[in-house]
Amino acid sequence: MLRQLFHETHELFRESFRLFVHREIVPGVEKWEKEGIVDRSLFRKAGEAGFLGMAAPEANGGAGVDDFRFNTIMAEELSHAHVGACGDGILLHNDTCLPYFLSAADADQQARWMPGICSGDLVLAIAMTEPGAGSDLASMRTTALRVGDHYVVNGSKTFITNGINADLVILACKTDPTARHKGMSILVIEAGMDGFSRGRNLEKIGQHAQDTAELFFDDVRVPAANLLGEEGSGFQQLVTKLPQERLSIAIHAVANAAAAFSTTLDYCSQREAFGQRIGSFQHNRFALAEMSTELELGQNYVDAQVLALNARTLTAEDAARAKWWCTEMSWRVLDRCLQLHGGYGYTEEYPIARAWRDGRVPRIYGGTTEIMKEIIGRSLGF
Ligand SMILES: Cc1cc2nc3c(=O)[nH]c(=O)nc-3n(C[C@H](O)[C@H](O)[C@H](O)COP(=O)(O)OP(=O)(O)OC[C@H]3O[C@@H](n4cnc5c(N)ncnc54)[C@H](O)[C@@H]3O)c2cc1C
């Protein structure tokens, strides 16, 4: 179906981001995958080129354009260039982390941090998950206890995207450890604060260029001026921001599957077996037909949700629907595409291999498929 989502300005932006990806990201992919992290200069280059903090006010270094279609284009172009997770840190910076600063940072905090966020001098991460608390965030144990004009932070986080590169960490923690949801607050932790340290950059089965780290907080004295929003508003902030994060994951999952499908179509028309192109066996033709149908459905759903997000009408349930269905569909497509490549799909020579190993985790992060179904199921009265 013809997509109706984009206008000419979006297509111009797409062209310029595509050039950026090919100039600044594609040449680094193999090195960064081996090193387990992208060079942090990538963030500065993205900032210089105008690809960070587009939604931030112009006065603070942003573009003042709060239109998620631009974020959508960035995810799509990263997928089409087959650069795996090399741009995921940038997407997390823009799509997931920036909104906390936009909606909860006061004027002083905006003036302090927003220019660096938009220039790429301040790389962002968000730390919710702990070794003992992932899906059940309200049971987190990291505490921030007020002492005079500071909070003293103790605890640890794990699986934190951009965890090694980050300069500012949006930390979800308990300012009232006796309460569950209502005891949670958000503090901004700055690199270099005494008692804040990074643990391992975790060795994952995919997304090799993306740093995913453990963070430790040992009596970290954080100025009260680093509290984002009201004390006790942390859970509410997460609930408000997670739909955008989940939609971002869904968009990227559809784009990854669409890119893999496109290269698989080419492969199916070139590779022959038993004297015919492998795509022409009925089984494979049906597989391709099913995948193209599922991709259309996913694309249409996320496109509608992007417009809903722009119109501020995206609901938690619709974001959950987009997240679970699109990430599961993406995984199905990636696995079938790899199968159609036969043995070659299992080698690093073909982009499907990286897409497949990178494509497993979106069913888990940002809230698992099961938790998404919980959100939807509860809204149905159960
Ligand atoms: C590569 C990667 C990057 C990540 N990036 C970040 C990040 O930047 N910041 C961050 O804070 N976190 C991040 N995470 C963490 C991620 O969000 C969590 O792993 C995820 O939310 C699941 O939590 P968990 O791993 O503790 O699993 P658990 O909560 O222990 O769940 C284990 C299993 O039990 C199931 N389960 C749990 N509760 C229920 C229930 N009520 N009903 C049915 N099934 C249930 C889950 O669906 C899952 O299958 C990242 C994870 C990975 C792998």
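Keep in mind it's a predicted model, so treat the numbers as computed, not measured. (Residues numbered from 1 in each chain as written. Predicted model: local features only at pLDDT ≥ 70, side-chain atom pairs only at ≥ 80, totals over all residues. Heavy atoms only, no water.)

Q: Sorry if this is basic, but what is going on with the site of the ligand here?
A: Neighbouring the ligand are 18 residues, the closest being Thr-129, Ser-135, Phe-159, Thr-368 and Glu-370. With respect to the ligand, the backbone of Ile-126 contributes an N or O atom lying 2.9 Å from a nitrogen atom. Within the side chain of Ser-135, a nitrogen or oxygen atom sits 2.6 Å from an oxygen atom of the ligand. Elements with a contribution of two residues or more to the shell around the ligand: β1 (124-127), β3 (150-161) and α11 (369-379). At three residues, the largest contribution of residues to the shell around the ligand is made by β3. When its residues are assigned to classes, the shell around the ligand shows nine nonpolar, seven polar and two charged. (Near = heavy atom within 4 Å. Polar contact = N/O pair within 3.5 Å; in protein donor to acceptor, adjacent residues only side chain to side chain. Helix = DSSP H or I, 4+ residues; strand = E, 2+ residues; numbered from the N terminus. Nonpolar A, V, L, I, M, F, W, Y, C, P; charged D, E, K, R; others polar.)

Q: How should the pattern of salt bridges be read in this particular structure?
A: Any two side chains of opposite charge can pair, so long as their charged atoms come close to each other. Inspection of every chain in the model, using the stated rule, returns 26 salt bridges. Here Arg-18 ties to Glu-15 by a salt bridge, and the two come within 3.7 Å at their closest N and O atoms. Of the two residues, Arg-18 and Glu-15 both sit in helix α1 (residues 8-25), three residues apart, roughly one turn of that helix. Here Glu-15 falls in the partly exposed class, since its relative accessible area comes to 41%. With a shortest N-O distance of 2.9 Å, Arg-312 and Asp-66 are connected by a salt bridge. Note that Arg-312 is positioned in the loop between α8 (282-310) and α9 (316-340) and Asp-66 in the loop between α3 (41-48) and α4 (68-80), a separation of 246 residues in sequence. A relative accessible area of 46% means that Asp-66 is categorised as partly exposed. Each of Arg-3, Glu-11, Arg-14, Glu-15, Arg-18, Glu-76, Glu-77 and Asp-303 takes part in salt bridges that share partners, so that together they form one network. (Salt bridge = Lys/Arg side-chain N within 4 Å of Asp/Glu carboxyl O. Buried < 20%, exposed > 50% of the residue type's maximum accessible area, 1.4 Å probe, protein only.)

Q: Looking at this model, I keep getting lost on the packing of aromatic side chains. Mind explaining?
A: This structure, assessed with the given rule, holds eleven aromatic pairs. Aromatic side chains Phe-17 and Phe-20 sit 5.9 Å apart centroid to centroid with 20 degrees between the ring planes, which places their arrangement in the stacked category. In this pair, Phe-17 and Phe-20 both sit in helix α1, three residues apart, roughly one turn of the helix. A residue is classified by how much of its surface remains accessible, and Phe-17, at 1% relative accessible area, is buried. Assessed through its relative accessible area of 2%, Phe-20 is described here as buried. Among the aromatic residues, those joined into a ring-pair cluster are Phe-13, Phe-17, Phe-20, Phe-51 and Phe-70. Here the basic side chain of Arg-332 rests over the ring of Trp-325, its NZ or CZ set 5.9 Å away from the ring centre. Directly above the aromatic system of Trp-331 lies the positively charged group of Arg-360, at a separation of 5.8 Å from the ring centroid. (Phe/Tyr/Trp six-rings, centres within 6.5 Å; stacked < 30°, edge-to-face > 60°. Lys NZ or Arg CZ within 6 Å of the ring centre and 35° of its normal.)

Q: Help me out: how do you make sense of helix α7 (residues 234-270) in this one?
A: Two residues of an α-helix separated by three or four positions point the same way, owing to the 3.6 residues in each turn. In this model, α7 (37 residues) spans 53 Å end to end at C-alpha, consistent with the 54 Å of a helix rising 1.5 Å per residue. Lys-241 marks the point of greatest bend in α7, at about 35 degrees, and the proline Pro-243 comes within the next four residues. (Expected span 1.5 Å × (residues − 1). Bend = angle between axes of the 7 residues up to and from the residue.)

Q: Got a minute to help me understand the pairing of β3 in this structure?
A: On a regular strand, each side chain points to the face opposite its neighbour's, so the side chains alternate between the two faces of the sheet. In terms of residue burial, β3 counts as a mostly covered element, since nine of its twelve residues are buried. Pairing geometry for strand β2 (residues 143-147) and β3, over five bridges, is antiparallel. Along β3, the bridge assignment pairs Ala-144 with Val-153. In sequence, β2 turns back onto β3 through a hairpin of two residues, with Gly-148 there showing a positive phi of about 65 degrees. In terms of strand pairing, β3 meets strand β7 (residues 212-223) through nine bridges, oriented antiparallel. Each bridged residue has a counterpart across the sheet, and for Val-153 the counterpart in β7 is Val-220. (Pairing = 2+ DSSP bridges.)

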